[in-house]
Amino acid sequence: NAGVTQTPKFQVLKTGQSMTLQCAQDMNHNSMYWYRQDPGMGLRLIYYSASEGTTDKGEVPNGYNVSRLNKREFSLRLESAAPSQTSVYFCASSEALGNYGYTFGSGTRLTVV
Amino acid sequence: DQQVKQNSPSLSVQEGRISILNCDYTNSMFDYFLWYKKYPAEGPTFLISISSIKDKNEDGRFTVFLNKSAKHLSLHIVPSQPGDSAVYFCAARGRVNDYKLSFGAGTTVTVRA
């Protein structure tokens, strides 16, 4: 099925460990986004990529890095995980930056202990 | 500092009755407003939207109202059905945030049989 695929769906990390969350879309969208969802905070933008080859910081970029590997793939890396990064992470894509038709993946639930 | 606010974290309504979800925003530069629906273990999906040049948009059982002077929008679901039980996110887009979406904290709707 066409859409946004995120892996893994669940992950437990120890403080200080690193990991990469993967995201791929097959809709030929230009723009991709990483959000985190926390109770009472809604969805907050971590990083985004307006088009292949570009990435920019969102509201809460500290502790994260991203790579737009190609048009399809946008990964999020935690270099040294902290308990404050325990959250549900969503990847999304849209045809263009100003296009409101975001398609979301099903999320990655990350716990840092 | 959240620019999109959903002050009611939860709402319980009887099947067949009306559900009214509220959303306030702080920045008059937003030009487009959206509602997303999210089921557990799934990503948010687009529900309905409204442009800032309109004050009402209707799609089946869902109607969104926009009051620009009050910087307030609401989502009405009539009649409410058990399948409407989900988390609803309000989102806004505009020049203030380079046309990226800003989301509220969400309202959990429970429809009682």
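Described in the following lines is the structure provided in the data block. Worth saying up front: this structure is predicted, and the values here are computed from it rather than measured.

Attention now moves to the overall build of chain B. The number of helices and strands found in chain B is zero helices and eleven strands. Tracing chain B from N to C terminus, the helices and strands come up as β-β-β-β-β-β-β-β-β-β-β. Whereas a compact globule of 113 residues would reach a radius of gyration of roughly 13 Å, chain B reaches 13 Å, a difference of no more than 12%. Overall, the C-alpha framework of chain B stretches about 40 × 30 × 20 Å when taken along its three principal axes. Residues counted as buried form 49% of the 113 residues belonging to chain B. Within chain B, contacts between residues separated by at least 24 positions form 54% of all contacts whose residues are at least 6 apart in sequence. Carbon and sulfur atoms make up 48% of the accessible area of chain B, which amounts to about 5,400 Å² in all. The average position of the 13 basic charges and that of the 10 acidic charges among the side chains of chain B differ by 2 Å.

Right, let's get into unusual backbone geometry. The omega angle of the peptide bond from Thr7 of chain A to Pro8 of chain A is -5 degrees, so this bond is cis rather than trans. Looking at the element boundaries, Pro8 of chain A is found in the loop between strand E1 (4-7) and strand E2 (10-13). Omega for the bond connecting Val78 of chain B with Pro79 of chain B falls within 30 degrees of zero, at -15 degrees, which places this linkage in the cis form. Assignment of secondary structure puts Pro79 of chain B in the loop between strand E8 (72-77) and strand E9 (86-94). Even without glycine at this site, Ala41 of chain B takes up a positive phi of about 65 degrees. Among the structural elements, Ala41 of chain B can be located in the loop between strand E4 (30-38) and strand E5 (45-51).

The next thing to look at is the side chain of Arg61 of chain B. Residues and elements named next belong to chain B. Within the secondary structure, Arg61 sits in the loop between strand E6 (56-59) and strand E7 (62-67). A polar atom in the side chain of Arg61 sits 2.8 Å from the side chain of Asp84. Leaving out residues up to four positions away in the same chain, Arg61 has contacts with His76, Ile77, Val78, Pro79, Ser80, Gln81 and Asp84.

All names here are of chain A. The four strands lie next to each other as E1-E3-E8-E7, forming an open sheet whose pairing is antiparallel. The sheet terminates laterally at E1 and strand E7 (64-68), the two strands that pair on one side only. Strand-to-strand twist across the sheet, computed as the mean angle between neighbouring axes with direction ignored, equals 15 degrees. Examined bridge by bridge, E7 and strand E8 (residues 74-78) share five bridges and lie antiparallel to one another. Looking at E8, one finds that Val66 is bridged to Leu76.

Contacts between the two partners involve 17 residues from chain A and, on the opposite side, 20 residues from chain B. Taking both partners together, chain A and chain B bury about 1,500 Å²; carbon and sulfur atoms supply 63% of that area. Taken together, the connections running from chain A to chain B amount to zero salt bridges. For the interface between chain A and chain B, the tally reads four residue pairs in polar contact (both at pLDDT 80 or more).

The rules we used
- Residues numbered from 1 in each chain as written.
- Chains lettered and ligands numbered in written order.
- Predicted model: local features only at pLDDT ≥ 70, side-chain atom pairs only at ≥ 80, totals over all residues.
- Heavy atoms only, no water.
- Helix = DSSP H or I, 4+ residues; strand = E, 2+ residues; numbered from the N terminus.
- Rg over C-alpha atoms; globule rule 2.2 N^0.38 Å.
- Buried < 20%, exposed > 50% of the residue type's maximum accessible area, 1.4 Å probe, protein only.
- Contact = heavy atoms within 4.5 Å.
- Areas by Shrake-Rupley, 256 points an atom, 1.4 Å probe, with all protein chains shown as cover.
- Lys, Arg positive; Asp, Glu negative; His and termini not counted.
- Charge placed at Lys NZ, Arg CZ, Asp CG, Glu CD.
- Polar contact = N/O pair within 3.5 Å; in protein donor to acceptor, adjacent residues only side chain to side chain.
- Pairing = 2+ DSSP bridges.
- Axes fitted to C-alpha atoms, helices over the stretch in contact; angles between N-to-C directions.
- Buried area = accessible area lost by both parts, 1.4 Å probe.
- Salt bridge = Lys/Arg side-chain N within 4 Å of Asp/Glu carboxyl O.

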